[in-house]
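# Results of the structural survey
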2 protein chains.
Amino acid sequence: MKRIEVIQNVLEANETIANRNRQLLDKHKVFAINIMSAPGAGKTSLILRILKSLKGKLNIAIIEGDVASTVDAEKVQSEAKAVVQINTRNMPESCSLMAAMIESALKDMPLDDIDLLLIENVGNLICPSEFTLGEHKRVVISSLPEGDDKPTKYPLIFIDADAVVINKIDLLPHVDFDIAAFLHSIAGLNPKAKVFQLSCKTGEGIERWCSWILEQTKNNTTRQ
Amino acid sequence: MKRIEVIQNVLEANETIANRNRQLLDKHKVFAINIMSAPGAGKTSLILRILKSLKGKLNIAIIEGDVASTVDAEKVQSEAKAVVQINTRNMPESCSLMAAMIESALKDMPLDDIDLLLIENVGNLICPSEFTLGEHKRVVISSLPEGDDKPTKYPLIFIDADAVVINKIDLLPHVDFDIAAFLHSIAGLNPKAKVFQLSCKTGEGIERWCSWILEQTKNNTTRQ
């Protein structure tokens with residue numbers, strides 16, 4: 001099974017680099033969050049909300065992962081301390097960020113001026129679950145129009161998440177989504193995950209979510 | 001660059017098996033459509049609409065691709081001539097169906113009794129663009145809540161599509177989606193793609209879409 005051996009090697013190499021990234025981030029007291037979701041669930045919108053809400057409280061940098069285009073980096077650049085765009089299109093794994101890409105991006109970041117690094121992963125519920133990046137927390141966004149069965153169909157990404165964000169709750173009257181069923185699935189897969197219900201569009205639930213981010217970031221800085 | 005060589009080998013092996021699948025399907029006059037989208041865009045709902053709309057006109061079989069679970073196969077099984085579920089969770093490529101999985105599934109199908117085979121790929125806008133399965137047509141679904149920038153961010157899957165379905169148009173009053181901008185992106189990437197605007201929920205646009213499926217299937221049978 002040569003193919004599987006090769007994948008194993010890739011995962012091990014990724015883990016080594018991820019550990020190196022984490023050490024570098026810790027040395028500079030940067031708290032890093034890996035934000036994952038399906039395409040269009042609201043990763044960029046959530047980052048924009050965090051930037052706005054925590055302005056003046058934290059210095060925030062962004063790494064934008066995308067197969068192609070720089071549209072997300074352009075959206076966030078006016079509010080962030082630093083933004084690095086990674087396009088995965090011609091890379092061996094185009095369906096996820098990998099630790100080596102983050103290592104390279106960190107070289108372009110003024111790490112001593114940053115408290116919080118938000119990493120927007122490639123829009124995908126499968127590949128990003130395989131690759132740790134050196135982040136401190138992993139967040140998965142699931143949006144109402146995707147349906148409440150996503151934890152059942154893509155369990156791995158939810159099992160490893162520190163927090164699950166249910167976005168687009170403003171659409172509840174217009175889509176079939178059973179919040180209780182979704183919460184039940186999450187509780188079964190990963191009872192320790194914090195769950196936030198919010199709408200990046202209306203702002204509902206954003207305050208509680210951003211308080212959690214702030215608290216996590218401050219706890220991290222104090223710990224070191 | 002050993003890793004890239006290995007990927008190249010996998011793609012070549014996949015292409016060989018895909019050609020074999022196509023020959024088998026052609027021999028039995030089965031027309032096959034590969035349906036791809038992000039998680040939750042409506043692949044299963046679209047298949048259910050096709051099954052209902054073309055009942056009595058075509059004998060339809062389904063291959064359901066999923067990382068885990070059989071929820072979609074259960075939804076479609078009462079209406080289809082045959083259903084085979086493929087779970088990719090422990091396979092070398094879990095983020096897409098591959099031709100070898102289809103080859104294996106076809107062994108369990110009564111091919112002489114089938115006119116149309118609908119293949120629901122894994123919910124993903126990246127990996128499935130790399131693997132041809134032996135299908136005759138490739139369809140990508142993009143749903144309104146995902147946003148109108150998906151062709152710009154995930155171009156490969158749209159470039160190779162024979163048809164693009166814009167689903168959930170019933171949500172237009174509730175989400176920010178510029179249909180003209182989306183159509184403009186598609187025209188730039190793939191001017192030959194047929195575009196359908198519809199709602200699996202309300203049924204709007206389904207008749208035109210199913211007429212196209214019927215026409216394509218019948219053309220295929222006549223051709224042989």
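For clarity, every value in this text was computed on a predicted model and none was experimentally measured.

Per the secondary structure count, chain A includes 8 helices and 7 strands. At 17 Å, chain A has a C-alpha radius of gyration in line with the 17 Å of a compact globule built from 224 residues. Taken along the three principal axes of its C-alpha coordinates, chain A extends 50 × 45 × 35 Å. Here chain A holds 224 residues, and 58% of them are scored as buried. For chain A, contacts bridging at least 24 residues in sequence account for 72% of all contacts bridging at least 6. Surface exposure of chain A reaches about 9,200 Å², of which carbon and sulfur atoms provide 49%. Side-chain charges of chain A comprise 26 positive and 29 negative groups, with the mean position of each set lying 3 Å from the other.

Residue and element names in this part refer to chain B. Using the criterion set out here, one finds 2 disulfides over all chains in the structure. Put simply, Cys95 and Cys127 are joined by a disulfide, and their sulfur atoms are 2.2 Å apart. Here the S-S torsion is close to -100 degrees, and the disulfide linking Cys95 with Cys127 is therefore left-handed. Linking Cys95 in the loop between strand S3 (82-87) and helix H4 (99-106) with Cys127 in the loop between strand S4 (116-120) and strand S5 (137-143), this pair joins segments that are 32 residues apart in sequence. The class for Cys95 is buried, based on a relative accessible area of 4%. Residue classification places Cys127 among the buried residues on the basis of a relative accessible area of 4%. Cysteine Cys200 is unpaired, with the sulfur of Cys210 as its nearest cysteine sulfur at 8.9 Å. The class for Cys200 is buried, based on a relative accessible area of 11%. Since its relative accessible area comes to 1%, Cys210 is described here as buried.

The subject of this paragraph is the relation of the copies chain B and chain A. Once turned by 180 degrees and shifted 0.0 Å along the axis, chain B lies on chain A with an RMSD of 0.0 Å. What we have between these two chains is a two-fold relation. Interface overlap between copies: 100% of the residues of chain B at the interface are likewise at the interface in chain A, consistent with a symmetric, same-surface contact.

When pLDDT is low, close inspection of the predicted coordinates is not appropriate. The pLDDT averaged across chain A works out to 93; a share of 94% of its residues lies at or above 70. Here the predicted complex carries an ipTM of 0.88, next to a pTM of 0.92.

Residues and elements named next belong to chain A. Among all positions of helix H7 (residues 179-189), only Ile179, Phe182 and Ile186 are buried. Along the long axis of H7, the arc covered by the buried residues comes to 65 degrees, so they all point the same way. What points out from H7, more than 90 degrees from its buried face, is the exposed set Ala180, His184 and Gly188. Tucked inside the fold, the buried residues of H7 contact strand S5 (137-143), helix H5 (150-153), helix H6 (155-159), strand S6 (163-167) and strand S7 (194-197). The residue sitting at the N-terminus of H7 and contributing the capping side-chain oxygen is Asp178; that oxygen lies 3.1 Å from the backbone nitrogen of Ala180.

Turning to the sheet that holds strand S4 (residues 116-120) of chain A, a few remarks are in order. Residue and element names in this part refer to chain A. In spatial order, the strands read S3-S2-S4-S1-S5-S6-S7; together these 7 strands make up an open sheet with parallel pairing. Looking along the sheet, the strands with just one partner apiece sit at the ends: strand S3 (82-87) and S7. Each neighbouring strand pair of the sheet contributes to a mean axis angle of 20 degrees, computed without reference to strand direction. Sitting on the sheet, helix H4 (residues 99-106) is in contact with strand S2 (60-66), S3 and S4, with an inclination near 145 degrees to S3.

Once that is clear, we can look at the side chain of Asn21 of chain B. Residue and element names in this part refer to chain B. Turning to its location among the elements, Asn21 is positioned in helix H1 (residues 2-27). One polar contact links the side chain of Asn21 to the main-chain carbonyl oxygen of Ala99, over a distance of 3.0 Å. When near neighbours in sequence (up to four residues on either side) are disregarded, Asn21 contacts Ala99, Ile102, Glu103, Leu106, Leu133 and Gly134.

Further remarks concern the interface of chain B and chain A. How big an interface is tends to be expressed through the accessible area that disappears when the partners come together. With 44 residues of chain B at the contact, the number on the chain A side is 44 residues. Across the chain B-chain A interface, the total number found is 4 salt bridges. Between Asp149 of chain A and Lys75 of chain B there is a salt bridge; the shortest N-O distance is 3.9 Å. When residues in the side of chain B that touches chain A are grouped by element, the largest group, 6 residues, is from H1 of chain B. When the residues that make up the side of chain B that touches chain A are grouped by side-chain class, the tally is 22 nonpolar, 7 polar and 15 charged.

Let us look at the sheet that holds strand S6 (residues 163-167) of chain B. Residue and element names in this part refer to chain B. Spatially, the 7 strands line up as an open sheet ordered S3-S2-S4-S1-S5-S6-S7, and their pairing is parallel. Sheet topology places S3 and strand S7 (194-197) at the edges, where each strand pairs with a single neighbour. Here the average twist between neighbouring strands, direction ignored, is 20 degrees. Relative to S3, strand S2 (residues 60-66) is paired through 6 bridges, and the arrangement is parallel. Looking at the pairing, Ile62 lines up with Val83 of S3. Packing against the sheet, helix H2 (residues 43-53) makes contact with strand S1 (31-37), S2, S4, S5 and S6, and its axis sits at approximately 165 degrees to S4. Set on the sheet, H4 makes contact with S2, S3 and S4; between it and S3 the angle comes to about 145 degrees.

Rules and cut-offs
- Residues numbered from 1 in each chain as written.
- Chains lettered and ligands numbered in written order.
- Predicted model: local features only at pLDDT ≥ 70, side-chain atom pairs only at ≥ 80, totals over all residues.
- Heavy atoms only, no water.
- Helix = DSSP H or I, 4+ residues; strand = E, 2+ residues; numbered from the N terminus.
- Rg over C-alpha atoms; globule rule 2.2 N^0.38 Å.
- Buried < 20%, exposed > 50% of the residue type's maximum accessible area, 1.4 Å probe, protein only.
- Contact = heavy atoms within 4.5 Å.
- Areas by Shrake-Rupley, 256 points an atom, 1.4 Å probe, with all protein chains shown as cover.
- Lys, Arg positive; Asp, Glu negative; His and termini not counted.
- Charge placed at Lys NZ, Arg CZ, Asp CG, Glu CD.
- Disulfide = S-S within 2.5 Å.
- Least-squares fit on C-alpha atoms with pLDDT ≥ 70 in both.
- pLDDT = per-residue confidence, 0-100.
- Arc of directions from axis to C-beta.
- Polar contact = N/O pair within 3.5 Å; in protein donor to acceptor, adjacent residues only side chain to side chain.
- Pairing = 2+ DSSP bridges.
- Axes fitted to C-alpha atoms, helices over the stretch in contact; angles between N-to-C directions.
- Salt bridge = Lys/Arg side-chain N within 4 Å of Asp/Glu carboxyl O.
- Nonpolar A, V, L, I, M, F, W, Y, C, P; charged D, E, K, R; others polar.

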